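Listed here are the chains, written in short residue letters.
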Amino acid sequence: MSLKLNCLIIFLLGSLTIAAQNTITPAKQFWNTLQSHCNKAYEGRLELPKDDKDFGGKQLIMHVRKCTDREIKIPFFVGEDKSRTWILTYDNDRISLKHDHRHKDGSEDDINFYGGTTTNTGKANIQIFSANEHTQQLIPGAATNVWWITIDDDTFTYNLRRLGTERVFKVVMDLTQTIDTPGAPWGWED
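Scope of this entry: the structure provided in the associated data block. (Residues numbered from 1 in each chain as written. Predicted model: local features only at pLDDT ≥ 70, side-chain atom pairs only at ≥ 80, totals over all residues. Heavy atoms only, no water.)

## Comments concerning the pattern of salt bridges
Now for step 1: If you walk through the whole model with that rule in mind, you get five salt bridges.
Now for step 2: Residue Glu71 pairs with Lys73 through a salt bridge whose shortest N-O separation is 3.9 Å.
Now for step 3: Residue Glu71 is classed as partly exposed on the basis of its relative accessible area, which comes to 26%.
Now for step 4: For Arg84, the salt bridge goes to Asp81, with nearest N and O atoms at 3.2 Å.
Now for step 5: Accessibility expressed as a relative area gives 17% for Arg84, which makes it buried. (Salt bridge = Lys/Arg side-chain N within 4 Å of Asp/Glu carboxyl O. Buried < 20%, exposed > 50% of the residue type's maximum accessible area, 1.4 Å probe, protein only.)

Take a look at the structure:
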């Protein structure tokens, strides 16, 4: 081979390697989009089930309160109840979802840190989490839980479906308008 051809091949291989390294996966795109909402709060509504006694008719607020490169904590308030925080963790191009539940005094609920981890990089606008082993041991009936979170320019949705049952849950948060950031969730200090 000629020297020019060798140089061209080396250049092309180098360019392909750089391009591959700079490709942002769908999981990372999702993560970056969610990170762009850090320190912002939004109000939303219950979509399903419409007649839920615990969530229906109450003000629903999410606050993307704490963000690091690996973790995002999103307190989710239901009326005056500040017991819930969604914890998302980014590791090795997978995202995990855990649910942190606290009592008013800040102590951990007995049912805590359940959730799951994505099995692939998902899509830039949706990540799906199947119940993990901890969830199955903690809440045997939730072994078939599947959660998914969607995000686009206008909305963030948190969804739950318990496969094999009628259990379904969906909240839709309006990302088009921020609201005043709420106080700290139970168990946190400002």
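Continuing now.
## Some remarks on the side chain of Thr157
Now for step 1: By secondary structure assignment, the location of Thr157 is in strand β10 (residues 155–162).
Now for step 2: The exposure class assigned to Thr157 is buried, which follows from its relative accessible area of 7%.
Now for step 3: In terms of polar contacts, Thr157 uses its side chain to reach the side chain of Thr150, at 2.4 Å.
Now for step 4: Of note is the side chain of Thr157, whose polar atom sits 2.9 Å from the side chain of Asn159. (Helix = DSSP H or I, 4+ residues; strand = E, 2+ residues; numbered from the N terminus. Polar contact = N/O pair within 3.5 Å; in protein donor to acceptor, adjacent residues only side chain to side chain.)

## Brief notes about the pairing of strand β11 (residues 168–174)
Now for step 1: When strand β1 (residues 40–48) meets β11, the two strands line up antiparallel, connected through four bridges. Paired with Leu48 across the bridge in β11 is Lys170.
Now for step 2: Summarising the sheet, β10 and β11 pair through seven bridges and their orientation is antiparallel. Looking at β11, one finds that Thr155 is bridged to Asp174.
Now for step 3: Hairpin geometry of β10 and β11 is characterised by an intervening segment of five residues between the two adjacent antiparallel strands and by a positive phi of about 85° at Gly164. (Pairing = 2+ DSSP bridges.)

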